[in-house]
Amino acid sequence: MSIQTLEKCEKYFGTKDIYKLFGIEKSETIPDIRKAYYRLLLQDHPDAASESDKPVAVEKAKLLATLYNILGDPDALAQYNEHGVIDAETEAAVNGKYNGLFRKPVMAEDIDIYHECYKGSRKERADIKEDYLKGKGCITYMMKHLQFINCEDEPRLIAIVQAMIDSKEVPEYETFTKEPAEKRNRRHKRLAREAAMAQQLRKKDQRGLDRATYEQKLVTERQAAFVEMINSMEARYQDAQKETEVSLDAL
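Predicted model, so just to flag it, every value in this text is computed and none were measured.

Considering the packing of aromatic side chains
Here's step 1: Within this structure, the stated rule accounts for nine aromatic pairs.
Here's step 2: An angle of 50° between the planes, with centres 5.3 Å apart, marks the rings of Tyr37 and Tyr38 as tilted. Each of the two residues, Tyr37 as well as Tyr38, counts as buried.
Here's step 3: Geometrically, the ring pair formed by Tyr114 and Tyr118 is stacked, given 6.1 Å between the ring centres and 15° between the ring planes. Placement of both Tyr114 and Tyr118 in helix H7 (residues 108–118) is noted, with a separation of four residues, approximately one turn of the helix. The same class applies to Tyr114 and to Tyr118, which are both buried.
Here's step 4: Among the aromatic side chains, those forming a connected cluster through ring pairs are Tyr37, Tyr38, Tyr68, Tyr114, Tyr118 and Phe148.

What follows is the structure, given as structure tokens:
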């Protein structure tokens, strides 16, 4: 890392050691590095920050992306391991090669790792709060819009929202606290039907694709949807990132 990046790393995370920050050893595999990156990002994600803290959270996300790019590039990592720093030219080249504020998963395995780190993170909690407010407490709305949430997650989702209500963090909507049993049963039946239909389609879809081909089709669609989500997050924070670069350097 360049001197400036090392200083930012110490300023925001209290260390100049990438391995210490990510909680990994030099021998860790790429999936382990990705897991460490997503865990750090999702616990301190801009979406989970207050409005006053958001500019710093965006800067942290950008810094984490740079550090991950270095860990994932063999030449840059060799330079860091040998000298403890990355020259500015190499750092710029690495960031140009892996451009983006949020690292985009490019394989199904990446999405699974993201999912594992997302569950229980501050980012997930912020998303739950946002969709609770948008849906005025409608659990069906939340189940439809939240990432990675399925029928088995419903009790956990309800417990998280109830804790927010109890602490006065969000208003109490009767739509949530007094949901009719009939509405809940309709939702559960619909989710069960969708799960059963997906299982059948995995065996053979309506156009006669064999199972392996259809599984690949699902993976491709899932990757496309996930990259679209990351692109949407990046678009949301691009302007904020540009506006705060000058002011953050003065902090």
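From this point, the discussion proceeds with the structure in view.
Here's the deal with the nonpolar core
General note: in soluble globular proteins, nonpolar side chains tend to be found buried as a group.
Here's step 1: In this structure, Ile18, Phe22, Tyr37, Leu67, Leu71 and Tyr114 are the most contacted members of the largest nonpolar core, which totals 37 residues.
Here's step 2: Elements supplying a minimum of two residues to this core: helix H1 (3–13), helix H2 (18–22), helix H3 (30–43), helix H4 (54–72), helix H5 (74–83), H7 and helix H13 (211–249).
Here's step 3: If you tally residues by element for this core, the top one is H4, at eight residues.
Here's step 4: Those residues in contact with Tyr114, other than ones at most four positions away along the chain, are Tyr38, Leu42, Lys123, Gln147, Phe148, Phe226, Met229 and Met233.

Structural notes on the environment of Arg187
Here's step 1: For Arg187, the location among the structural elements is in helix H12 (residues 181–203).
Here's step 2: For the pair Arg187 and Ile139, spaced 48 residues apart in sequence, the C-alpha separation works out to 9.2 Å.
Here's step 3: Residues contacting Arg187, with those up to four places away along its chain left out, are Ile139, Thr140, Met143, Glu154 and Glu179.
Here's step 4: Within the local environment of Arg187, its side chain forms a polar contact with the side chain of Thr140, the two groups lying 3.0 Å apart.

Things to note about the environment of Arg156
Here's step 1: Looking at the element boundaries, Arg156 is found in helix H10 (residues 154–166).
Here's step 2: Residue class for Arg156 comes out partly exposed when judged on its relative accessible area of 25%.
Here's step 3: Other than its neighbours up to four places away in sequence, Arg156 contacts Lys119, Gly120, Glu124 and Ile149.

Describing the packing of H4 against helix H6 (residues 88–97)
Here's step 1: It is at 9 Å that the axes of H4 and H6 come closest, and there the two elements cross at 95°. Taken together, the axes of H4 and H6 are roughly perpendicular relative to one another. Contact residues: Thr66, Asn69 and Ile70 in H4; Glu91, Val94 and Asn95 in H6.
Here's step 2: When its residues are assigned to classes, the contact of H4 with H6 shows two nonpolar, three polar and one charged.

Basis of the calculations
- Residues numbered from 1 in each chain as written.
- Predicted model: local features only at pLDDT ≥ 70, side-chain atom pairs only at ≥ 80, totals over all residues.
- Heavy atoms only, no water.
- Phe/Tyr/Trp six-rings, centres within 6.5 Å; stacked < 30°, edge-to-face > 60°.
- Buried < 20%, exposed > 50% of the residue type's maximum accessible area, 1.4 Å probe, protein only.
- Helix = DSSP H or I, 4+ residues; strand = E, 2+ residues; numbered from the N terminus.
- Core = buried A, V, L, I, M, F, W, Y, C linked by side-chain atoms within 4.5 Å.
- Contact = heavy atoms within 4.5 Å.
- Polar contact = N/O pair within 3.5 Å; in protein donor to acceptor, adjacent residues only side chain to side chain.
- Axes fitted to C-alpha atoms, helices over the stretch in contact; angles between N-to-C directions.
- Parallel < 35°, antiparallel > 145°, perpendicular 65-115°, else oblique.
- Nonpolar A, V, L, I, M, F, W, Y, C, P; charged D, E, K, R; others polar.

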